[in-house]
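Okay, here's what each chain looks like letter by letter:
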Amino acid sequence: MNVTGIIFTNDATMGELTNKRTSGSIPFGGRYRQIDWALSNMTCAGIRHIGVISRHSYQSLMHHIGDGEEWGLELEEGGLEFLTPYASATNYLYRGKLESIYNAMDFLEYSDNDGDDLVVMSDSAILANVDLADVIRSHVASGKHVTVVTKAGIANGEKKLDLALKLDDNGEVADMVVDFAAAEDYVASMDIFVLSKARLISWVKEMVARDKYHMDRDLVMGGWRRGQIGINVYQFAGTALYNESVEEYFANSLSLIDKETRHDIFNGNHPVYTKVRDRVPTYYGEKCDIENCLIADGCMLEGEVEDSVLFRQVSIEEGAEVENCIIMNDSVVGAGAELKYVILDKNVTVTPGAKLIGTKKNPIVVKRGETV
Amino acid sequence: MYFEKKRVIAMLLAGGQGSRLHVLTRKTAKPAVPFGGKYRIIDFPLSNCVNSGIDTVGILTQYQPLELNEYIGNGQPWGLNKTHSCAQVLPPYERNDKKSGWFEGTANAIYKNIDFVDRFDPDYVVILSGDHIYKMDYNAMVDYHVKNDASVTIAVRTVPLAEASRFGILNTNPDNSIYEFEEKPKQPKSTNASMGIYCFNWSVLREALIADEEDPNSDKDFGKNIIPNLLNAGHKMMAYNFDGYWKDVGTIDSLWEANMETLGKNPEFDLRGGKRETIYARNSALPSSYIDEDAKIVNAFVAEGCEVYGKVVHSVISVGCSIGKGALIEDSVVMPGVVIEDGAIVRHAILGENSKVGKNAVVGGAFAEGEKKQISVTSKGAVVEANTVLLPGEML
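Because the structure is predicted, anything quoted here is derived from the model rather than measured.

Scoring rules and cut-offs
- Residues numbered from 1 in each chain as written.
- Chains lettered and ligands numbered in written order.
- Predicted model: local features only at pLDDT ≥ 70, side-chain atom pairs only at ≥ 80, totals over all residues.
- Heavy atoms only, no water.
- Helix = DSSP H or I, 4+ residues; strand = E, 2+ residues; numbered from the N terminus.
- Rg over C-alpha atoms; globule rule 2.2 N^0.38 Å.
- Buried < 20%, exposed > 50% of the residue type's maximum accessible area, 1.4 Å probe, protein only.
- Contact = heavy atoms within 4.5 Å.
- Areas by Shrake-Rupley, 256 points an atom, 1.4 Å probe, with all protein chains shown as cover.
- Lys, Arg positive; Asp, Glu negative; His and termini not counted.
- Charge placed at Lys NZ, Arg CZ, Asp CG, Glu CD.
- Pairing = 2+ DSSP bridges.
- Axes fitted to C-alpha atoms, helices over the stretch in contact; angles between N-to-C directions.
- Left-handed = near helix turned anticlockwise from the far one by under 90°.
- Nonpolar A, V, L, I, M, F, W, Y, C, P; charged D, E, K, R; others polar.
- Buried area = accessible area lost by both parts, 1.4 Å probe.
- Salt bridge = Lys/Arg side-chain N within 4 Å of Asp/Glu carboxyl O.
- Domains from an automatic or database assignment.
- Polar contact = N/O pair within 3.5 Å; in protein donor to acceptor, adjacent residues only side chain to side chain.
- Expected span 1.5 Å × (residues − 1).
- Arc of directions from axis to C-beta.
- 1 Å grid on protein atoms, 1.4 Å probe; cavity = no way out; pocket = protein on both sides within 12 Å on 5 of 7 lines; lining within 4 Å.
- Points joined across faces, edges and corners; volume = space filled by probe spheres on them.

Novice: Honestly, the overall build of chain A in this entry has me stumped. Any pointers?
Specialist: Summing up its helical and strand segments, chain A has nine helices and 28 strands in all. Taken over the C-alpha trace, chain A has a radius of gyration of 21 Å; the compact-globule value for 372 residues is 21 Å, and the two agree within 12%. Expressed as a percentage of the 372 residues in chain A, the buried residues total 56%. Within chain A, residue pairs in contact and separated by at least 24 positions form 58% of the contacts whose partners lie at least 6 positions apart. As displayed, chain A has an accessible area near 14700 Å², and 44% of this comes from carbon and sulfur atoms. In chain A, 36 positive and 57 negative side-chain charges are present, and the distance between their average locations comes to 4 Å.

Dropping the structure here:
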């Protein structure tokens, strides 16, 4: 049984943060990009043939992943492939996941198919340390067509979910909704699916031929409603961070300060790999005061920082006060500046004495490279 | 197989036992000893090579090579794994001629690897050692060597006269050419100390190594034999002055000092640096460090993957350490993976990799200004049991 991975890095809608990025390349957790979780989950489960499907703005993503070396994917056979759209007589910029897979059919049909080969699909906006080997075991044992990984406690009647499922007392699917703010008694899909490669190939070809392109609606929900597709639900017990809005991204970033969440997301048995940067350790100066923070390498800290996440090579000058902030790579907070509820994207300079005060619901986002 | 001809290659002597580092090198070769929070000593000469444009490095190992070999791997962290570059570990091996068996001295180690060097047909060979902390552009030294039409160039630095008798001392003419080499002289005539960094014309060195093997009384050592012999034979030998930071970290005290000298806003030895000054290291896949609300960190380095709940003052904390509530770490070097439990006090210490200091244990002590600091040391994986004491200068 060979397992192939497909990672979708969506066109996210997080304002300035996704201006020149896909969801996969959004920095998260001090030294990572969001796609690191999907990639590391797959490689930790022994998946060595992974396609990354991206429609727009994939430059920073390609820069981050390179040849996949950090994830052990710089292989002669299999390894990592970028499946970016290209136009040809049979190709067009796709509208949904099914069309994007159709465009990448060469990738799926590339390797020999043993008949029992599987495909694991994952998005890159929901971050969790998932033991995919266990998900695959569950899929095989269930004998069902498609396994959906779900998380309870996410549906709340307000948050719009890509796919939500209601389960009966036996854990069987009783209802399914797509793009809907499902009520609390639904479990949310984590956008992780396992299914047979041969079936996926034939389903995608059939669906696209009928102008169906939406994976959740047309394939999963549609197939289930028609009684053609049996669904195995894998209920994930650990922490799952849904980064689908700036507000969620901000709250989830700061949630890593909590020990349990942090240890769950950075499970030592399944490390999260990322691109290596050769930075020195972080230097804590004579007058710095750091409380309850997550601090990456290469920072120079002279000021006060509380309840915040600092990325690599951030400089906090003397007398600066930073509280409830996310500060990305290479940004500088000048002497005496005051920041509360702020997200500084990469390479931002906050001039000495400047004051930026946002709120928990509406953190101020400063664009990459700006000077405030 | 095709080997690209190289102008310069480096040979890095990494086989020494490092016995003066005592328990720290019990199971680890000296070049693999951690330094500066996330590095190992060998990262410095290796990164210097890369930053100097030297892409072929032979690394001579002998003592406890397992960890060192694993660390170097295929040279990928230093970018030395490309089609025409390498970081090649060269252990002693058996063959059916004189080049068989253990390395019997620094010169003998290179002699036994003449075949390796010959593959690259280099014009110049730079000889380095794996126990110094410094940043140096070897290429500038090679250029100086070429410009002066020398056969041998030796990097030198000025040391205090009182310390000169601990070094190989080079006595030079006004044009910096060397007329005399004295290994650890009782009455030093100058303060030009050899740094153990040599640039040779490969043809000259090759011949000298072969000749030295014929001498049954030779120690097969660069400082004792090769350099004096070449000087006596009339080869032009130049001193190359280096005035940057350089430290032999071969003793507990100097290893501790060098770590302390990386601290401060304008440190004596800056681990940072611009382009072509980066020190590369094999990185561990560890998350960012967590600093608790009760933690206090003053004038210290803390690397990735740490959890700090206690107080850290004037110390270097390496990757993957945890420091419990109410613990105090002062003037200490904490190597990777160390666990310091709640309430423990650690002062003037080097805590070896993955060692553990139990609850309320006390390691080391404080010293008055000017008093000789006695460094306490824990070896790899050692455990200082809860509520016990490891005295100043004591090793576990």
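Novice: What should I look at first to understand the sheet that holds strand β24 (residues 345–347) of chain B in this one?
Specialist: Backbone hydrogen bonds hold the strands of a sheet together, and the pairing may be parallel or antiparallel. All names here are of chain B. Spatially, the six strands line up as an open sheet ordered β15-β18-β21-β24-β27-β30, and their pairing is parallel. The sheet is open, and its two edges are formed by β15 (296–298) and β30 (389–390), each paired on a single side. The pairing of strand β27 (residues 362–363) with β30 spans two bridges and is classified as parallel. By the bridge assignment, V363 is partnered in β30 with L390.

Novice: Is there a simple way to explain the packing of helix α6 (residues 202–213) of chain B against helix α7 (residues 222–232) of chain B in this structure?
Specialist: Packed helix pairs are specified by the crossing angle of their axes together with the interaxial distance, meaning the distance between the axes. Residues and elements named next belong to chain B. Interhelical geometry of α6 versus α7 gives an angle of 115° and a closest axis separation of 10 Å. The way α6 lies across α7 gives a crossing that is right-handed. In this structure, α6 contributes V204, L205, A208, L209 and D212 to the contact, and α7 contributes F222, N225, I226, N229 and L230. Tallied by class, the residues present in the contact of α6 with α7 amount to seven nonpolar, two polar and one charged.

Novice: Explain the pairing of strand β9 (residues 161–167) of chain A here, please?
Specialist: Along any regular strand the residues' side chains alternate between the sheet's two faces. Residue and element names in this part refer to chain A. The pairing of β9 with strand β10 (residues 173–180) spans six bridges and is antiparallel. Looking at the pairing, L161 lines up with F180 of β10. Turn length for the β9-β10 hairpin, with the two strands adjacent in sequence and antiparallel, is five residues, and the turn residue G171 shows positive phi of about 80°. Pairing geometry for β9 and strand β11 (residues 187–196), over two bridges, is antiparallel. Looking at β11, one finds that L165 is bridged to V187.

Novice: Hey, could you run me through the interface of chain A and chain B in this one?
Specialist: Buried accessible area, meaning the area lost when the parts come together, often serves as the stated size of an interface. Tallying the contact residues gives 38 residues for chain A and 37 residues for chain B. Buried area between chain A and chain B, both sides added, is near 2900 Å², and the carbon and sulfur share of it is 50%. Ionic pairing is found between E307 of chain B and R262 of chain A, a salt bridge with its closest N-O pair at 2.9 Å. Residue assignment for the side of chain A that touches chain B shows that the elements contributing at least two residues are α9 (259–265), β14 (282–284), β15 (289–291) and β16 (293–295) of chain A. Grouping the amino acids of the side of chain A that touches chain B by side-chain chemistry returns 19 nonpolar, seven polar and twelve charged. The pairing of β16 of chain A with strand β14 (residues 289–291) of chain B spans three bridges and is antiparallel. Bridging from a neighbouring strand, I295 of chain A pairs with S289 of chain B of β14 of chain B.

Novice: Got a minute to help me understand the domain arrangement of chain A in this structure?
Specialist: Residues and elements named next belong to chain A. What the domain assignment lists for chain A is domain 1 (3–267) and domain 2 (283–366). For domain 1 and domain 2, the distance between their C-alpha centres works out to 33 Å. In this assembly, 19 residues from domain 1 lie in contact with 24 residues from domain 2. For the pair domain 1 and domain 2, the summed buried area comes to about 1700 Å², and 69% of that belongs to carbon and sulfur atoms. Contact with domain 2 buries surface across domain 1, with G30, F250 and I257 losing the most and accounting together for 34% of the total. There are two salt bridges connecting domain 1 and domain 2. One salt bridge in this structure joins E247 and K361, with 3.2 Å as the shortest N-O distance. Where domain 1 packs against domain 2, one counts one residue pair in polar contact (both at pLDDT 80 or more). At six residues, the largest contribution of residues to the side of domain 1 that touches domain 2 is made by helix α8 (residues 246–255). Of the residues contributing to the side of domain 1 that touches domain 2, the split by class is ten nonpolar, three polar and six charged.

Novice: I'm lost on α6 of chain B in this one. Help?
Specialist: It helps to recall that an α-helix has 3.6 residues per turn; residues three or four apart then point in one direction. Residue and element names in this part refer to chain B. Taking 1.5 Å per residue, twelve residues should reach 16 Å; α6 reaches 17 Å between its end C-alpha atoms and fits that length. For α6, the full list of buried residues reads W202, V204, L205, A208, L209, D212 and E213. One side of α6 carries all its buried residues, which in axial view fall inside an arc of 160°. Facing away from the buried side of α6 by over 90 degrees, the exposed positions are S203 and E207.

Novice: When you look at helix α2 (residues 65–72) of chain B in this model, what are you seeing that I'm missing?
Specialist: All names here are of chain B. The set of residues buried in α2 consists of E67, L68, Y71 and I72. In a view along the axis of α2, the buried residues occupy a sector of 130°, so they form one face of it. Residues L66 and E70 are exposed on α2 and point more than 90 degrees away from its buried face. On the buried face of α2, the contacting elements are β3 (39–40), α1 (43–51), β4 (56–60) and β5 (86–90). Just downstream of α2, G73 is the residue with a positive phi angle, here 55°.

Novice: Please clarify how the layout of surface pockets should be interpreted in this entry.
Specialist: One simple way to see leftover space: roll a probe sized like a water molecule over the atoms. Its boundaries defined by the atoms lining it, the second largest pocket holds a volume of some 1000 Å³. Looking at the lining of the second largest pocket, the elements that each hand over two or more residues are α2 (59–65) of chain A together with α1 of chain B. Here the lining of the second largest pocket is built from residues that sort into 14 nonpolar, 14 polar and 13 charged. Counting residues domain by domain, the lining of the second largest pocket receives three or more from each of domain 1 (3–267) and domain 2 (283–366) of chain A.

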